[in-house]
Amino acid sequence: MYSARTKDIEVAVEPYYLEEQSDPDDSRYVWGYRIVISNHSSRSVKLVQRYWHITDENGLVDEVEGLGVVGEQPHLKPGDSYEYSSGCPLDTPSGMMFGHYQMETDDGETMIVNIPAFSLDSPGHLRILN
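Described in the following lines is the structure provided in the data block. (Residues numbered from 1 in each chain as written. Predicted model: local features only at pLDDT ≥ 70, side-chain atom pairs only at ≥ 80, totals over all residues. Heavy atoms only, no water.)

### Comments concerning the overall build of the protein
Here comes step 1: Along its length, the protein carries zero helices and nine strands.
Here comes step 2: In sequence order, the protein lays out its α and β elements as β-β-β-β-β-β-β-β-β.
Here comes step 3: Viewed in the frame of its principal axes, the protein has a C-alpha envelope of about 50 × 30 × 20 Å.
Here comes step 4: Expressed as a percentage of the 130 residues in the protein, the buried residues total 43%.
Here comes step 5: If you take every contact in the protein between residues at least 6 apart in sequence, the share linking residues at least 24 apart comes to 63%.
Here comes step 6: Across the protein, the 9 positively charged side chains and the 22 negatively charged ones have centroids separated by 9 Å. (Helix = DSSP H or I, 4+ residues; strand = E, 2+ residues; numbered from the N terminus. Buried < 20%, exposed > 50% of the residue type's maximum accessible area, 1.4 Å probe, protein only. Contact = heavy atoms within 4.5 Å. Lys, Arg positive; Asp, Glu negative; His and termini not counted. Charge placed at Lys NZ, Arg CZ, Asp CG, Glu CD.)

In structure tokens:
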């Protein structure tokens, strides 16, 4: 599991390969990821927007932005956690993702909360680092 903490908001990510949705013969590789967002601060926050930076094994970058996550804009009171799952297809057997959430406090302050970088690796794929 990967995690990052920004202004007492923790984001933990657990990626997993979805073999049943992947088809290596057709260059289709799919991962799911589970995210838990925990509010360790003394203020309530609302997740307003998301941004993802996705890079495949060949260095091709895809940037994704949008409102909320999985159709929701969760509101987390102090001590609350919010969990969701989503997925990412790639044309290569490995890649990586990172990003951030734009959050807003009840008094209107906006903040950027980091999503940690995490790797997407197919089982049995040999990865060579230079």
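The rest of the description comes next.
### Concerning the sheet that holds strand 3 (residues 29-39)
Here comes step 1: Strand order in the open sheet formed by four strands is 1-2-3-7, and the pairing between neighbours is antiparallel. The sheet is open, and its two borders are formed by strand 1 (2-6) and strand 7 (81-90), each paired with just one other strand. With strand direction ignored, the average angle separating the axes of adjacent strands in the sheet is 20 degrees.
Here comes step 2: Sheet analysis places strand 1 next to strand 2 (residues 9-17), joined by five bridges and oriented antiparallel. Directly across from serine 3, in strand 2, lies its bridge partner alanine 12. (Pairing = 2+ DSSP bridges. Axes fitted to C-alpha atoms, helices over the stretch in contact; angles between N-to-C directions.)

### Examining the packing of aromatic side chains
Here comes step 1: Applying the stated criterion across every chain yields a total of six aromatic pairs.
Here comes step 2: Of the aromatic side chains, those joined through ring pairs into one cluster are Tyr2, Tyr33, Trp52 and Phe118. (Phe/Tyr/Trp six-rings, centres within 6.5 Å; stacked < 30°, edge-to-face > 60°.)

### Quick look at the nonpolar core
Here comes step 1: Core analysis: the biggest nonpolar cluster contains 27 residues, and Ile35, Ile37, Trp52, Tyr101 and Met103 have the highest contact counts within it.
Here comes step 2: Where this core is concerned, the elements lending two or more residues are strand 2, strand 3, strand 4 (45-56), strand 7, strand 8 (94-105) and strand 9 (110-121).
Here comes step 3: Aside from chain neighbours lying at most four places away, what touches methionine 103 is Ile9, Ile37, Val45, Lys46, Leu47, Val48, Glu109, Thr110, Met111 and Val113. (Core = buried A, V, L, I, M, F, W, Y, C linked by side-chain atoms within 4.5 Å.)

### Observations regarding the pairing of strand 8
Every regular strand shows the same layout, with side chains that alternate between the two sheet faces.
Here comes step 1: Pairing analysis gives 11 bridges linking strand 4 to strand 8, with the strands arranged antiparallel. The partner of isoleucine 54 across the bridge, within strand 8, is methionine 97.
Here comes step 2: The turn joining strand 8 and strand 9, which pair antiparallel and follow one another in sequence, is formed by four residues; a positive phi near 95 degrees is taken by glycine 108.

### Examining the environment of glycine 87
Here comes step 1: Counting through the fold element by element, glycine 87 comes out in strand 7.
Here comes step 2: Between the C-alpha atom of glycine 87 and that of isoleucine 9, which follows or precedes it by 78 residues, the distance is 22 Å.
Here comes step 3: Leave out the neighbours within four places in its chain, and glycine 87 touches Trp31, Gly32 and Tyr33.

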